[in-house]
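Survey of secondary and tertiary structure
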Amino acid sequence: MASYTVIHEKAEAFYDTFERKAELQGQTHYCPGCGHGIVSKLLAQAIDELGVQDRTVLINPVGCSVFGYYYFDVGNVQVAHGRAPAAATAVKRSRPESIVIAYQGDGDLAAIGTAEIIHAANRGEPITVIFVNNGIYGMTGGQMAPTTPLGKKTATSPLGRDALNEGYPLHVCEMLNSLEAPVYIERVSLGNSKQIMHAAKAIKRAVENQVKGLGFSFVEVLSPCPTIWKMQPVEAKRFVQDEMAAIFGVSNLRDRSKEAQPRPAAAAAPALEDLPRLLDLVNGSGVEGAAAHPPQELDMRIKVAGFGGQGVLMLGEVLAEAGLEAGYEVSWLPSYGPEMRSGTSNCHVRLAHHAIDSPLVSRPNVLLALNEPSLRKFLPVVEEGGIVLYNGSEIPEDCVRSDVRMVALPFTQLADEVGATKVGNIVMLGALLEATGMLEQDRVVAALKRLVHPRFFELDLAALARGRQEFRGSAADDYLWGV
Amino acid sequence: MQKQLTKGNEAIVKAAVLAGCRAYYGYPITPASEIAEAASLYLPRAGGVFVQAESEVAAINMLYGGAAAGVRCMSGSSGPGISLMQEGFSYLAGAELPCVIADIMRAGPGLGNIAPEQGDYNQVVKGGGHGNYRTLVVAPDSVQEMADLTTWAFDLADRYRNPVVVLADGFIGQMMEPVEFAARATVPAPPAWAVRGNAETRKNLVSSIYLEPDCQERHIRKLEEKYKQAERAEVRFESWRTDDAEIILVGYGIVGRILKAAVELARARGIAVGLLRPITLFPFPSQPIRDLAKHAKAFAVVELSTGQMVDDVRLALAGRTPVEFFSRVGGNAPSAEDVLAFLEHTFPDCLPRPVAGRQEELIHG
Amino acid sequence: MAVNGKPDRGLVEMNAEECKGCGLCVEACPPKVLHLAEALNHYGYHPAVYAGVGCTGCGICFFVCPEPGGIRVFRLDAVAAA
């Protein structure tokens, strides 16, 4: 009696029964003669043969490919329309040992998800993408796809796809082939038995590349949709073989499987104890030896203003940093955005011995005006008894207020004399410290040390000293004060 | 750990890494870009993943993938980007995936400008995506809270298996304040339901599909119950000088800070004002607001929007107590003095009456 | 099965209850030993059936069949063939 051995049967990567519905548990949801069933079978075979069932994560998007999770006995993630490559990117990045396979249709991949597939490919994500191109929206009942052949009538191109109105069938493989990163790009077809056997090889290769740790691998499968095409299955298959293959071309566009280098494994994660250092939370980046209690009662509401490039924000930051070190509560709030590139710039700084309510300074008791428009803009809101430092030889006549202390010094010129225009802000800081005694010198020096580039540190110290000196020697101390 | 002067946007990232976040997917946008910038530096250092996505649409779907794989992950954006992410919020909530998204609000609609606003309240708190879901929303008012609430957001996200939004504005994102970060770093074990590409998790499925209406209804009811549980257990707010207050100011985020200054100004003028600052926007502190209504004469809501959160205050009070509203928009913020002027104008009866005779006394004195 | 005492090189097992009657296997089968049955299966399709003789075990029907478990293909064992 002759004995026989099974050589082809349902792949292990498929579930024994498909629990999509209470009945029909032996069947897929695909229509008779649908190419999806064949592609699924080829993919399951590849997973079996490569022995990666446990490691596989299938990304199921939207369209006829949505229900892969009922069939594939692998890890499954169902995702939004077109976004499979984005979700696949993240699964793979976080679980590099997993075998991530995005299985997408033409509406999903080539229309709504065009950006996602191109960028995943361009990043060279080491995933496998199976793209089933049947030139139609099957699940939703036959609307036009980006890959629908010209002239084809669909539910949304009732007169036939017209290049003038709907453009041309999208050639995804060719688009991806213009990118540097992909390792493997092939278009296969389900047009006849030979093509199907070749498709099996291509799909296996695309998965195998991932198993080897190589980069992005992509297989487009020209596939029949007999029901929506309104063809008999055999007729639809011939249409794929004769028409679809002619429109798109069946060929390998790229195979760098041999020369591609496996991606290096990610470095081991650092110990948790090391995280504070890695996050720059220790070792000099924070405020060491900060005073536990503020040395005096203080409520400085400071407005620093000037034009972009004058070091407005930096001046504020040094004040806040020094204040924190001195034991005060502090806040620093910048104007930001286009104002950073040009025009006016200002920031709000608060130093107080108590908790700070609003970090917005609407009634400053210190105004540091680095140019005239800033003086004009903010002088009116300075609190009575406040102090105003102005970057200029004298206060403009129409800007004089007798109820605030006003000091005019040419800080920019003084900075030039020190050695660099850009330290005008620090010269002004020196004058402010001298005028108010609000912060001890060593706190400010420590703040500068942390915040400025070492190259400018000495220059900044000189600028600070110059500011103090100029203020002391200046009659400006009592400029109009109390008049 | 020692205090460090830290920018709000940066505090989010450092706190996230300390809380075990090991993946960041995002797209740059002012005024949130420092989040992505800090993430691109610190996530790889911590052995995590940083990907600059091609769009916010891709970014939110990367979060979906990362969360599905059982990794704590986050993104950051601002209004226009959050709008693009709304589809993803719906899917994340539907598939019950935890993640954290920071929204550093700017002025809208449309491109608007990049200055601070609070116009994303409705799209974030009410849910701008489709279907019956909510996002949990926390609203920091300081850089310290940017850190603390981000830490909490990851715990909330895991506990409720739902996206959590840290809703701040350009001020909070851009400003620097001293921060004390969590002393201990943690990385929670991946959840049992995650799809990690191994034998242990092979049978797992992450999906938001429930084909049968009865199954879908069961799923929606389950989500609904989670949100009710959050309303019972997770409401947070700050009550500031409300004990004897006749007028309760309500504001969140940077507005809460301005209102604190306004409370001091108003009290100096003799007006009994207090502040209720919601820290969770969903769940909203409706009951605390109702409790305050027992003694307060009126509520005054201040927002950097034309009136979004005020609807929730009105819903909480159900018409029992008058609710007044004051706002600045377009990137402007009211000063504490502006708020005081608004209070004086709106509630003239609350101003202390001049004491008869004092004028005379002064003249003669 | 055997013809003239010589066993077929292959054997095919068609799962009539999973078959949707698309006929792709019938068309693809090189020795043309498959056909669609007159009778309907449980779901109302004319399932593909094997004539019982002539299978070469080439496996083409398996690959062209869209159903995961629709067809099993066997090959004659070497010992038996000898």
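Model, not experiment: these values are computed from the prediction. (Residues numbered from 1 in each chain as written. Chains lettered and ligands numbered in written order. Predicted model: local features only at pLDDT ≥ 70, side-chain atom pairs only at ≥ 80, totals over all residues. Heavy atoms only, no water.)

**Structural notes on the interface of chain A and chain C**
As a reminder of what qualifies: Only heavy atoms matter for contacts: two residues are in contact if any of them lie within 4.5 Å across the pair. Accessible surface is computed with a 1.4 Å probe, and the buried area is the amount of it that two parts give up when combined, taken over both parts together. Any Lys or Arg side-chain nitrogen found within 4 Å of a carboxyl oxygen on Asp or Glu counts as a salt bridge. We call two N or O atoms a polar contact when they sit within 3.5 Å, provided that within protein one can donate a hydrogen and the other can accept it, with sequence-adjacent residues counted only if both atoms are side-chain atoms. Elements are defined by DSSP. Helices are runs of H or I of four residues or more, strands are runs of E of two residues or more, and each kind is numbered from the N terminus.
On the chain C side, the residues contacting the 33 residues of chain A number 36 residues. When the two sides are added together, the surface that chain A and chain C hide from each other amounts to roughly 3,100 Å², 63% of it contributed by carbon and sulfur. Sorting the residues of chain A by area buried against chain C places Tyr4, His8 and Lys41 of chain A first, and these three jointly supply 24% of that buried surface. At the surface where chain A touches chain C, the tally comes to three salt bridges. The partner of Lys237 of chain A in a salt bridge is Glu27 of chain C, and the shortest N-O contact between them spans 2.7 Å. Applying the counting criterion to the chain A and chain C interface returns 16 residue pairs in polar contact (both at pLDDT 80 or more). Among the elements of the structure, strand S1 (4–8), helix H1 (35–50), helix H8 (193–211) and helix H10 (233–248) of chain A are those that each provide at least two residues to the side of chain A that touches chain C.

**Let's talk about the domain arrangement of chain B**
All names here are of chain B. Formally: Residue ranges labeled as domains rest on an automatic or database domain assignment.
Parsing chain B into structural domains produces domain 1 (4–233) and domain 2 (237–350). For domain 1 versus domain 2, the separation of C-alpha centres amounts to 28 Å. Tallying the contact residues gives 34 residues for domain 1 and 26 residues for domain 2. Buried area between domain 1 and domain 2, both sides added, is near 2,300 Å², and the carbon and sulfur share of it is 55%.

**Concerning the pattern of salt bridges**
Short version of the rule: Here's how the labels work: a residue is buried when its accessible area is under 20% of the maximum for its type, exposed when over 50%, partly exposed in between, all with a 1.4 Å probe on protein chains only.
Summed over the entire model, instances satisfying the criterion amount to 58 salt bridges over all chains. When the shortest N-O distance is used, the salt bridge between Glu9 of chain A and Arg72 of chain C registers 3.1 Å. With one member in each of two chains, Glu9 of chain A in the loop between S1 and H1 and Arg72 of chain C in strand S6 (residues 71–76) form a pair that bridges those chains. Close ionic contact of Arg72 of chain B with Asp155 of chain B constitutes a salt bridge, the shortest N to O distance being 3.0 Å. Here Arg72 of chain B, found in the loop between helix H3 (56–68) and strand S4 (73–77), pairs with Asp155 of chain B, found in helix H6 (residues 143–160); they are 83 residues apart in sequence, far enough to count as distant. On the accessibility criterion, Arg72 of chain B (11% relative accessible area) is buried. Within the structure, one salt-bridge network assembled from shared partners comprises Asp299, Arg301, Arg350, Asp357 and Glu383 of chain A.

**Digging into the packing of aromatic side chains**
All names here are of chain B. We count it as follows: In this scheme Phe, Tyr and Trp rings, the latter by its six-membered ring, pair at centre separations within 6.5 Å, and the angle between planes marks the pair as stacked below 30 degrees, edge-to-face above 60, and tilted otherwise.
What the rule picks out here adds up to 15 aromatic pairs over all chains. Ring centres of Tyr121 and Tyr252 lie 5.7 Å apart, and the angle between their planes is 50 degrees; this geometry places the pair in the tilted category. Taken together, the residues span a long stretch of sequence, with Tyr121 in helix H5 (residues 121–127) and Tyr252 in the loop between strand S12 (247–250) and helix H9 (254–268) at a distance of 131 residues. For Tyr252, a relative accessible area of 1% puts it in the buried group. Centre to centre, the rings of Phe326 and Phe342 are 4.7 Å apart; their planes meet at 15 degrees, and the pair counts as stacked.

**What to know about the sheet that holds strand S15 (residues 298–303) of chain B**
All names here are of chain B. Applied cut-off: Strands qualify as paired when DSSP identifies two bridges or more between them. Whenever a helix is involved, its axis is fitted only over the stretch in contact; in every case the axis is a line through C-alpha atoms, and angles between N-to-C directions fall within 0 to 180 degrees.
Reading across from one edge, S11-S13-S12-S15-S16 is the order of the five strands in this open sheet, with mixed pairing throughout. Every interior strand has two partners, whereas the edge strands, strand S11 (237–240) and strand S16 (323–327), have only one. Between one strand and the next, the sheet's axes are offset by a mean angle of 20 degrees, whatever the strand orientation.

**Regarding helix H1 (residues 8–18) of chain B**
Residues and elements named next belong to chain B. For H1, a buried count of 10 out of 11 residues is recorded, marking the element as mostly surrounded by other parts of the structure. Burial in H1 covers these residues: Gly8, Asn9, Ala11, Ile12, Val13, Lys14, Ala15, Ala16, Val17 and Leu18. Within two residues after H1, Gly20 carries a phi angle of roughly 100 degrees, on the positive side.

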